[in-house]
Amino acid sequence: MNPITHKPKSLVDISTHYCPGCGHSVVHRLIGEVIDELGIQNRTVIVAPVGCAVFADKYFDCDSIQGPHGRGPAIATGIKRAKPDSIVFSYQGDGDLASIGMAEIIHAAARGEKITVIFINNAIYGMTGGQMAPTTLVGQPATTCPKGRNPDLQGYPINVSEMLSQLKSPKYIERVSVDSAPNVIKAKKAIKKAFQNQVDNVGFSFVEVLSICPTNWGVEPIKALDFLREKMMPQYPLGVFKDEGKTQEGK
Amino acid sequence: MPKIEVDEMRCKGCKLCTKACPKQCIEMSDTFSKTGYYPAKLAKQDCCIGCAMCYTVCPDLAITVYK
Ligand SMILES: Cc1ncc(C[n+]2csc(CCOP(=O)(O)OP(=O)(O)O)c2C)c(N)n1
Ligand code: SF4
Ligand code: SF4
Ligand code: SF4
């Protein structure tokens, strides 16, 4: 009997600091598998965020840099422009990307930087203990809105993928989820496309991943999956918002 | 017969694999691992079909599937 599953070579073989069930860990594995399959480990650079994934650079066996809060897309821009043969990806949470880093992501997308962005939407600030994020759902409690997000006071959630899709430059934008095995498989396909696009020099590629934060949602991981499906998915529908890679390839 | 092995040093007892297994082959141990979690384990030896759904959802690369 032989093993049919294998740890990705581009991940360092250590246990992570993430909480039990955390979606970050699943997405790390998917990115690791994609880096292996595309054979790009020796030219990949991860730009790690501020947030629970602040140590992501320690888990990927590739070049790395950990940036100031929200500035990942700007750092990735610099690396990619200075070393165009490198495969640069910015890995960011929703506090990092959609609060303090909103300017960086919008302008990197608008400039059409030829980078890959993996955006983990868990509807909360994980690392700092569960404050409201721009992606927190209406009615969802957080430490800074203990009675639930109230649109009169805090406005409505921001749908980042839809918003970036209004820009002309981005080539590929998709929202996926890691709530079930079939969706994890789809998420991997999307991540692979976002990296393949960079290998093919297509242009700005962005994958939003709906993810769970059982710790700060205050539920066990299996219940957190139900919350993701029942509450997050209606606000954040899965799907492809932009895919212009083929037109570019055909040129 | 396919089977899984759970690395108790990696498993964080999140139970996501128990939910993902189409044959309900996985249950949680009732004793702590060295890392302080109740790790997952294969409940019955002849249950597993080697589909790797458990591996697919496991956040911690704790499962190896054999076929
Ligand atoms: C300049 C600056 N402002 C604020 C913080 C505090 N801070 C650390 S992580 C974080 C938000 C993290 O949330 P998110 O990006 O959603 O990532 P998660 O932890 O949920 O993965 C904040 C506000 C900081 N480290 N630096
Ligand atoms: S606090 Fe939330 S996002 Fe951070 S590691 Fe724990 S579960 Fe994951
Ligand atoms: S490989 Fe499939 S059948 Fe076997 S334990 Fe995992 S999910 Fe269950
Ligand atoms: S999914 Fe992985 S970490 Fe979670 S209980 Fe199962 S084997 Fe353990």
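Residues numbered from 1 in each chain as written. Chains lettered and ligands numbered in written order. Predicted model: local features only at pLDDT ≥ 70, side-chain atom pairs only at ≥ 80, totals over all residues. Heavy atoms only, no water.

1. Looking at the site of ligand 2
Lining the immediate surroundings of ligand 2 are Tyr-18, Cys-19, Cys-22, His-24, Cys-52, Asn-122, Gly-126, Cys-213, Pro-214, Thr-215 and Asn-216 of chain A. Of the residues in the shell around ligand 2, the class split is 6 nonpolar, 5 polar and no charged. (Near = heavy atom within 4 Å. Nonpolar A, V, L, I, M, F, W, Y, C, P; charged D, E, K, R; others polar.)

2. A few points about the sheet that holds strand β2 (residues 63-66) of chain A
To summarise the sheet geometry, strands pair through backbone hydrogen bonds and adopt either a parallel or an antiparallel arrangement. Residue and element names in this part refer to chain A. Spatially, β2-β1-β3-β4-β6-β5-β7 is the arrangement adopted by the 7 strands of the open sheet, whose pairing is mixed. Two strands close off the open sheet at either side, each with one partner strand: β2 and β7 (239-243). Neighbour-to-neighbour, the strand axes of this sheet turn through a mean angle of 15 degrees, independent of strand direction. Set on the sheet, helix α10 (residues 221-235) makes contact with β4 (116-121), β5 (172-177) and β6 (205-210); between it and β6 the angle comes to about 130 degrees. (Pairing = 2+ DSSP bridges. Helix = DSSP H or I, 4+ residues; strand = E, 2+ residues; numbered from the N terminus. Axes fitted to C-alpha atoms, helices over the stretch in contact; angles between N-to-C directions. Contact = heavy atoms within 4.5 Å.)

3. With respect to the site of ligand 3
Every residue close to ligand 3 is listed here: Ile-4, Cys-21, Pro-22, Ile-26, Cys-48, Ile-49, Gly-50, Cys-51, Ala-52, Met-53, Cys-54 and Val-65 of chain B. A per-class count over the shell around ligand 3 returns 11 nonpolar, 1 polar and no charged.

4. As for the state of the cysteines
Residue and element names in this part refer to chain B. Under the definition given, this model contains 1 disulfide over all chains. Two residues, Cys-25 and Cys-47, share a disulfide whose sulfurs are 2.1 Å apart. Looking along the S-S bond of the Cys-25-Cys-47 disulfide, the torsion reads about -80 degrees, which is the left-handed sense. Taken together, the positions of Cys-25 in the loop between α1 (16-20) and β2 (26-28) and Cys-47 in the loop between β3 (40-42) and α2 (53-57) put the pair 22 residues apart, joining distant regions of the chain. As far as the burial class goes, Cys-25 and Cys-47 line up, both buried. (Disulfide = S-S within 2.5 Å. Buried < 20%, exposed > 50% of the residue type's maximum accessible area, 1.4 Å probe, protein only.)

5. Points about the pairing of β6 of chain A
Residues and elements named next belong to chain A. A large share of β6 lies buried, amounting to 6 of its 6 residues. A two-sided burial pattern is seen for β6, the buried positions comprising Ser-205, Val-207 and Val-209 on one face and Phe-206, Glu-208 and Leu-210 on the other. Where β4 and β6 come together, 6 bridges link them in parallel fashion. Within β6, the residue paired with Ile-118 across the bridge is Val-207. Note that β5 and β6 share 6 bridges and pair parallel. The residue of β6 that forms the bridge with Val-176 is Val-209. Of the crossover connections in this fold, the one passing from β5 over helix α8 (residues 181-199) to the parallel β6 is right-handed. (Right-handed = clockwise from strand over helix to strand, strands pointing away.)

6. Comments concerning the interface of chain A and chain B
Between chain A and chain B, the residue contacts involve 31 residues of the former and 27 residues of the latter. Across the contact surface, chain A and chain B share 10 residue pairs in polar contact (both at pLDDT 80 or more). Class assignment for the residues of the side of chain A that touches chain B results in 17 nonpolar, 9 polar and 5 charged. (Polar contact = N/O pair within 3.5 Å; in protein donor to acceptor, adjacent residues only side chain to side chain.)

7. Observations concerning the confidence of the model for chain B
Residues of chain B with pLDDT of at least 70 account for 100%, and the chain-wide mean is 97. Predicted as a complex, the structure gets a pTM of 0.97 and an ipTM equal to 0.97. (pLDDT = per-residue confidence, 0-100.)

8. A look at the packing of helix α3 (residues 72-82) of chain A against helix α5 (residues 102-111) of chain A
Residues and elements named next belong to chain A. Packing of α3 against α5 leaves a shortest axis separation of 8 Å and a crossing angle of 35 degrees. On α5, the residues touching Pro-73, Ala-74, Thr-77 and Arg-81 of α3 are Glu-104, Ile-105, Ala-108 and Arg-111. The residue inventory of the contact of α3 with α5, partitioned by class, reads 4 nonpolar, 1 polar and 3 charged.

9. Things to note about α5 of chain A
Residue and element names in this part refer to chain A. The set of residues buried in α5 consists of Met-102, Glu-104, Ile-105, Ala-108 and Ala-109. On the buried face of α5, the contacting elements are α3, α4 (94-100), β4, α7 (160-165) and β6. Taken from the residues just after α5, Gly-112 is the one with a positive phi, measuring 70 degrees.

10. What to know about the nonpolar core
In terms of nonpolar packing, the biggest core is built from 53 residues, with Ile-31, Ile-118 and Phe-195 of chain A touching the most fellow members. Ranked by residues supplied to this core, first place goes to helix α1 (residues 23-38) of chain A with 7 residues. For Ile-31 of chain A, the residues in contact, after removing those within four places along its chain, are Phe-60, Phe-89, Tyr-91, Ile-118, Ile-191 and Phe-195 of chain A. Counting residues in each nonpolar core, the second largest holds 22 residues, with Ile-222, Leu-228 and Tyr-236 of chain A together with Cys-14 of chain B among its members. (Core = buried A, V, L, I, M, F, W, Y, C linked by side-chain atoms within 4.5 Å.)

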